[in-house]
Structure formats: C-alpha cells, structure tokens
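Summary of the model geometry
Listed below, chain by chain, are the residues.
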Amino acid sequence: MFDFSIVTRWFDDFLRLTLGLGDFWSILIECVIVGVAILVGYALIAIVLIFMERKVCAYFQCRIGPMRVGFWGTLQVFADVLKMLIKEIFFVDRADKFLYGLAPLLVIIASVGTFSFLPWNNGAEILDFNVGLFLITAISSIGVVGIFLAGWASNNKYSVVSAMRGAVQMISYEMSLCLCLISAVILLGTMQVSGIVEAQTGPWKWLIFQGHVPAIIAFIVFLIAGNAEANRGPFDMAEAESELTAGHHTEYSGMGFGFFYLAEYLNLFTISGIAAMVFLGGWAPVNIGIEAFDTLMDYIPGVVWFFGKTFLLVWILMWVRWTYPRLRIDQILKLEWKYLMPLSLLNIVLMTACVALGWYI
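Our focus in this paragraph is the side chain of Arg232. The residue Arg232 is located in the loop between helix 10 (212-229) and helix 11 (241-244) in this model. Within the structure, Arg232 has its side chain in polar contact with the side chain of Glu264 (distance 3.5 Å). Setting aside its immediate chain neighbours within four residues, Arg232 contacts Glu53, Asn227, Glu264, Tyr265, Leu268, Met318 and Arg321.

Turning next to the nonpolar core. Among the nonpolar cores identified, the biggest contains 82 residues, and Phe115, Phe222, Phe269, Met277 and Val278 are the most heavily contacted of them. The dominant element in this core, judged by the number of residues it contributes, is helix 12 (residues 254-279), at 13 residues. Apart from the residues within four sequence positions on either side, Met277 is in contact with Pro119, Leu133, Ile136, Val193, Ile196, Val197, Gln200 and Gly282.

The next point concerns the packing of aromatic side chains. Evaluated as defined, the whole model comprises 25 aromatic pairs. Measuring from centroid to centroid gives 5.2 Å for Phe24 and Trp25, while their planes differ by 80°, and the two rings are edge-to-face. Summarising the aromatic geometry, the rings of Phe257 and Tyr261 are spaced 5.7 Å apart at their centres and angled 20° between planes, so their arrangement reads as stacked. Taken as a pair, Phe257 and Tyr261 lie in helix 12 at a separation of four residues, close to a single helical turn. Three or more aromatic residues link up through ring pairs in this structure, and these residues are Tyr42, Phe115, Trp120, Phe269, Phe306, Phe307 and Phe311. The ring centre of Trp72 lies 4.3 Å from the NZ or CZ of Lys55, which sits over that ring.

A few words on a nonpolar patch on the surface. On the surface, Phe24, Trp25, Leu28, Val32, Val36, Val40 and Leu44 cluster together to form a nonpolar patch covering roughly 690 Å² of accessible area. A relative accessible area of 48% means that Val36 is categorised as partly exposed.

All right, on to the pattern of salt bridges then. Inspection of the entire model under this criterion finds nine salt bridges. The residue Arg16 makes a salt bridge to Asp12 at a minimum N-O spacing of 2.8 Å. One end of the pair, Arg16, and the other, Asp12, are both in helix 1 (residues 5-18), four residues apart, so they sit about a helical turn from each other. Arg16 gets classed as partly exposed once you look at its relative accessible area, which sits at 26%. A relative accessible area of 18% means that Asp12 is categorised as buried. Between Arg321 and Glu53 there is a salt bridge; the shortest N-O distance is 3.2 Å. Of this pair, Arg321 sits in helix 14 (residues 302-321) while Glu53 is found in helix 2 (residues 23-60), placing the two residues 268 residues apart along the sequence. Accessibility classification places Arg321 together with Glu53 in one group, the buried group. Here the residues in one salt-bridge network are Glu53, Arg232, Glu264 and Arg321, joined through shared partners.

In this section: the environment of Asp236. When you line up the elements, Asp236 lands in the loop between helix 10 and helix 11. On the basis of relative accessibility, which here comes to 8%, the residue Asp236 falls in the buried class. A C-alpha to C-alpha distance of 6.9 Å links Asp236 and Arg326, two positions 90 residues apart in sequence. Sequence-distant contacts of Asp236, defined by excluding residues within four places in its chain, comprise Asn231 and Arg326. In this structure the side chain of Asp236 is engaged in a polar contact, spanning 3.0 Å, whose partner is the side chain of Arg326.

Where the model shows low pLDDT, its predicted coordinates should not be examined in detail. Per-residue pLDDT for the protein averages 90, and the proportion of residues at 70 or more is 99%. Across the protein, element-level confidence peaks in helix 14 with a mean pLDDT of 95 and bottoms out in helix 11 with 69.

Between the first and last C-alpha of helix 12 there are 38 Å, a value that for 26 residues agrees with the 38 Å anticipated at 1.5 Å per step. Most of helix 12 is tucked away, with 20 of its 26 residues classed as buried. Gly281 sits one or two positions beyond helix 12 and adopts a positive phi of about 85°.

Looking at where Glu336 falls in the secondary structure, it is placed in helix 15 (residues 329-357). Look at Glu336: it is buried, it has no salt bridge, and the nearest opposite charge is Lys338 at 13 Å. Every residue in contact with Glu336, bar those within four places of it in the chain, is listed here: Ser172, Tyr173, Met175, Ser176, Met341 and Pro342.

Turning our attention to the packing of helix 7 (residues 157-188) against helix 12. Relative orientation of the contacting elements helix 7 and helix 12 amounts to 25°, with a least axis distance of 11 Å. Our classification of the angle between helix 7 and helix 12 gives roughly parallel. Along this stretch, helix 7 crosses helix 12, giving a crossing that reads as left-handed. On helix 12, the residues that touch Cys180, Leu181, Ala184 and Leu188 of helix 7 are Ile274, Val278 and Phe279. Broken down by class, the residue content of the contact of helix 7 with helix 12 amounts to seven nonpolar, no polar and no charged.

Conventions adopted
Residues numbered from 1 in each chain as written. Predicted model: local features only at pLDDT ≥ 70, side-chain atom pairs only at ≥ 80, totals over all residues. Heavy atoms only, no water. Helix = DSSP H or I, 4+ residues; strand = E, 2+ residues; numbered from the N terminus. Polar contact = N/O pair within 3.5 Å; in protein donor to acceptor, adjacent residues only side chain to side chain. Contact = heavy atoms within 4.5 Å. Core = buried A, V, L, I, M, F, W, Y, C linked by side-chain atoms within 4.5 Å. Buried < 20%, exposed > 50% of the residue type's maximum accessible area, 1.4 Å probe, protein only. Phe/Tyr/Trp six-rings, centres within 6.5 Å; stacked < 30°, edge-to-face > 60°. Lys NZ or Arg CZ within 6 Å of the ring centre and 35° of its normal. Patch = residues over 30% accessible without salt bridge, like charges linked within 9 Å, V, L, I, M, F, W, Y side chains within 5 Å. Areas by Shrake-Rupley, 256 points an atom, 1.4 Å probe, with all protein chains shown as cover. Salt bridge = Lys/Arg side-chain N within 4 Å of Asp/Glu carboxyl O. pLDDT = per-residue confidence, 0-100. Expected span 1.5 Å × (residues − 1). Lys, Arg positive; Asp, Glu negative; His and termini not counted. Axes fitted to C-alpha atoms, helices over the stretch in contact; angles between N-to-C directions. Parallel < 35°, antiparallel > 145°, perpendicular 65-115°, else oblique. Left-handed = near helix turned anticlockwise from the far one by under 90°. Nonpolar A, V, L, I, M, F, W, Y, C, P; charged D, E, K, R; others polar.

So, in structure tokens, the structure goes:
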C-alpha cells in the first residue's frame, strides 16, 4: 500500500531545503495548498452526490432522471450551480441580518471541518490529532447552531418550527452517534484517525469483523443516527416540504441557500466516510489471510478503497431515503430515546466485556 506521506515529506523538504524557505513560509504555502485541495474536493464530491441522488431517486421511482443538459444529464448539476451563483441574494424584512448571514456560514464551516478529518489514503490524513473522533463530534455540533439561527433569524414561522425540530433531532441523535464511536474506541484503543485505520489493517481486522456482534450493532445504530443527524429521509422533518415549505432555509436565496444545500450532501458523505473509517477499515484493503489474495488487494490504492466503501454507504442511505416514508417528529424522538440510545449504552457494556474477556479477533 502506497504511503502518501512520502510525497508530503518530499514537498516539505523541497520548500525548506531546495528553495530555502523558512518555517513560516513553508507552513503557509502548505496550508494554502491543503485548504484549496479541501475546498475543491468538497465542491466536486458535492456535484457527484447531487447527480448520484437524482439518478438513484429516478431509478427507485422507475424514471430516468435528468437527461437534457449534457450526455446522460451530466451537465445538469453544473447548470444548477451556475444558476445558484448568479441568483440575487436578498435579506428579509424584520430579520436579524447579522444572524441571518451568520447561520449558513456556521453550517458550511461545520461541514468542511468534519470533512477535513476523513482519511483519504495511507499517510493522506489532513487533520490527524490524537483526539480526532472527539474533535469530529465537537465540530459537527456547530451545524446545529447554524440551523437553529437560520430558522430563528429569518422571522418566519415555518422556519422557526423547522429550526426547533432540527435542533431537537440533531442534538438527540448526537448521543447515539457518540456512544457508537465510544464502542469503537474501546476496542481500537485510540481516537486518532490514522491509528483507527492502522488498527484495522490485516486479515479480518475491520472493526465489524474483529468486534463481531457489538461492532455490528454499533455500525447499524451509527448509520441510522447518522442519517438523522444529516436531516435525511425518513428523518427530514426539519425540511418537511408539505408542512414547512423549505424548512429553516425557506427565506434564503443564492449562495445562502447553496451553503445549506452543499452541507446536506457533504454531511451525508462525511457520515458515510466516518462509518467507513471506524467500522470498515477506511483505506485498509480486504485481507483474509491468503497471501496471493491479500497481495493482490494491496495493489489497489487506498483512496480507491476509501471511496468505494464510502459511496457504498452513501448509496445505502439514499436507498433508505427513497424507500421509507417520512417519520413524525414524535416517532423520530421515540426511536432515539427509547430504542437507539438504550441499545447504544447496553452495547458499550457488551463491547467492554468482550474486550476485557478477550472475545475479539
């Protein structure tokens, strides 16, 4: 498996030794390049996800999806992006203009921040702190504030109701998300992104294999809670079009609305990427203990493994969205507080017992 840190070390040495730049300029150039790469990757993945969802939705509904703009409709998303960029940005009368403008920025900052922790390849972890999972959950919580401010500052009764629903739902399901990650940390013994993936390299070392029953339970609960955290169907009560028009972003236009739109799809990708990282080994290939097979799998780049696992989970969550009807808000909260959270707490005890007794691979 290729180690991308070879490239980063070479580039750092090139700046410092070959060009003779000091620490300040070297770090500044590296941070700018990494920042641009994150934003470009963020935008490109959003375009792919929007097009993917339109096609997945169409096939589930026995349609063909967008076909008119570009071959097989491939330019439809670019046309929509152009339209969004040139649309007028207006402000609502009697709205809190400062909070109204701040809300989409908070949402996009939280989305980009959690997106930056994903492990793309061996040695290609952008943010790799020893408390990585803790920071992921902390930064993602900022998005709740953005959604609540968007609804409250818009001075719109539909937006206020949506913001209240969204805040309650996201805060509730964060509990199960964190408990599932704690279950994984108990077995893996680290919260660092690179350490989590490295702990799952080897024959049958993915967490869902080495942690067996508790890991599978945590994986399933994480996907359900992650889907709710991203405000995706059937948990999209905050954007229930039949009741609340567009929900908390009803009064937004142009890129104000675009930030919410981008964040929703990238949160879906981020949730799937975290699940792939924690439970499916991230960029770690499939190894089953047969030397010839394992060697062949190691030739596949880690970034291919990561994107393959992540997009598989994205497709599963899209499948769920376009299969099940929307839940009521009381059903959503009942599912979390009466079923998922007690199950997650029990699963932590079960995982702790398995680790203490050595009942894992």
